Amino acid sequence: SKLAELSCPDKVKFQLWEYIDKSDGNPQVKPVSTARVREVTPNNRLVGAIVLTQERRRLQPCTLVGNPSVLNYTNNVGKQCRGVDLDGNLTGRDPTFSAFSSIYNGKLKALDYYDISELEEGTSPSGFFPHQYDTTRNASKNSSQIWEEDVDKFKIYFDERITFRKA
């Protein structure tokens, strides 16, 4: 399995007294936080972290249309259909930078958060990145971090414990 290939230790030696003095008594333990109710869609409560995988297909000429009249129309107006190959190009828009979004913030500058290559027409940042793209380096991930079965697929992570600031 892929997890077995990772080189993270499963045990770490930890002594609390390395960080605080025993004479201070027992440390104060932070109470367990209560999860906020979060819904993915109305009446569909998120009760744990989930990952959605989205696939996009490349556009191609509409050759598999069975109706000759529809095929003729699509060819004449330049319409394209989704093909069989995956499309791993950056896609979507980050709603923080869209004036039509409820979370829009006009004081933010996209170039403070995105590389110029991630901006559509130099102003609007992409919202979704394929699995093999490293958003911290603005380049492809190292091959050891890429799962071949997820190349050109988009992973979307939802967690009921995530805060608005961390989202």
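Structural data are supplied above this passage.
Cut-offs and rules
- Residues numbered from 1 in each chain as written.
- Predicted model: local features only at pLDDT ≥ 70, side-chain atom pairs only at ≥ 80, totals over all residues.
- Heavy atoms only, no water.
- Helix = DSSP H or I, 4+ residues; strand = E, 2+ residues; numbered from the N terminus.
- Contact = heavy atoms within 4.5 Å.
- Areas by Shrake-Rupley, 256 points an atom, 1.4 Å probe, with all protein chains shown as cover.
- Phe/Tyr/Trp six-rings, centres within 6.5 Å; stacked < 30°, edge-to-face > 60°.
- Buried < 20%, exposed > 50% of the residue type's maximum accessible area, 1.4 Å probe, protein only.
- Salt bridge = Lys/Arg side-chain N within 4 Å of Asp/Glu carboxyl O.
- Disulfide = S-S within 2.5 Å.
- Polar contact = N/O pair within 3.5 Å; in protein donor to acceptor, adjacent residues only side chain to side chain.
- Core = buried A, V, L, I, M, F, W, Y, C linked by side-chain atoms within 4.5 Å.

Peer 1: Whenever I open this one, the overall build of the protein chain confuses me. Can you help?
Peer 2: Along its length, the protein chain carries two helices and 10 strands. Ordering the α and β elements of the protein chain from the N terminus gives α-β-β-β-β-α-β-β-β-β-β-β. By sequence separation, contacts in the protein chain at least 24 residues apart represent 53% of the contacts at least 6 residues apart. Looking at the protein chain as shown, the accessible area adds up to about 13700 Å², and 52% of this sits on carbon and sulfur atoms.

Peer 1: Please explain the packing of aromatic side chains as it appears in this structure.
Peer 2: Remark: the centre distance and the inter-plane angle together describe each pair of aromatic rings, the angle taken between the planes. Summed over the entire model, instances satisfying the criterion amount to three aromatic pairs. For the ring pair Phe97 and Tyr113, a centre distance of 6.3 Å and an interplane angle of 55° mean the geometry is tilted. Residue Phe97 is found in the loop between strand E5 (80–86) and strand E6 (119–120), and its partner Tyr113 is found in the loop between E5 and E6; the two are separated by 16 residues along the sequence. With relative accessibility at 18%, the residue Phe97 sits in the buried group. Given a relative accessible area of 53%, Tyr113 falls into the exposed group. Here a set of aromatic residues connected by ring pairs shows up, and it is made of Phe97, Tyr113 and Tyr114.

Peer 1: Before we go on, may I ask you to explain the pattern of salt bridges in this structure?
Peer 2: A side chain with one charge can pair with a side chain of the opposite charge if their charged atoms come near. Going through the model one piece at a time under the given rule, you end up with six salt bridges. Between Lys153 and Glu55 there is a salt bridge, with the nearest N and O atoms lying 3.3 Å from each other. One end of the pair, Lys153, is in strand E10 (residues 153–158); the other, Glu55, is in strand E3 (residues 50–55), and 98 residues separate them in sequence. Overall, Lys153 belongs to the buried group, its relative accessible area being 17%. For the salt bridge of Asp134 with Arg137, the shortest nitrogen-to-oxygen distance reads 3.1 Å.

Peer 1: Is there a simple way to explain the state of the cysteines in this structure?
Peer 2: Counted according to the given criterion, the structure contains one disulfide. The disulfide bridge from Cys62 ends at Cys81, spanning 1.9 Å between sulfur atoms. Looking along the S-S bond of the Cys62-Cys81 disulfide, the torsion reads about 105°, which is the right-handed sense. With Cys62 in the loop between strand E4 (57–61) and helix H2 (68–77) and Cys81 in strand E5, this residue pair connects regions lying 19 residues apart in the sequence.

Peer 1: What should I look at first to understand H2 in this one?
Peer 2: Regarding H2, its N-cap is Asn67, as a side-chain oxygen of that residue lies 2.8 Å from the backbone nitrogen of Ser69 further along. Positive backbone phi, approximately 75°, marks Gly78, located one or two places after H2.

Peer 1: In this structure, what is going on with the side chain of Ser126? I would like to understand it.
Peer 2: Within the secondary structure, Ser126 is located in the loop between strand E7 (124–125) and strand E8 (133–134). Among all residues touching Ser126, those that are not within four sequence positions of it are Leu90, Thr91, Gly92, Arg93, Asp94, Tyr114 and Glu118.

Peer 1: Which parts of the structure should I look at to understand the nonpolar core?
Peer 2: Here is a general trend for soluble globular proteins: nonpolar side chains tend to be buried in one another's company. Phe97, Ala110, Tyr114, Leu119, Phe129 and Tyr133 together form the largest nonpolar core, which totals six residues. Apart from residues no more than four positions distant in its own chain, Leu119 is found in contact with Ala110, Leu111, Tyr114, Ser124 and Pro125.

Peer 1: Please explain the environment of Ala110 as it appears in this structure.
Peer 2: Mapped onto the secondary structure, Ala110 falls in the loop between E5 and E6. For the pair Ala110 and Phe97, spaced 13 residues apart in sequence, the C-alpha separation works out to 7.1 Å. Among all residues touching Ala110, those that are not within four sequence positions of it are Phe97, Leu119, Thr123 and Pro125.

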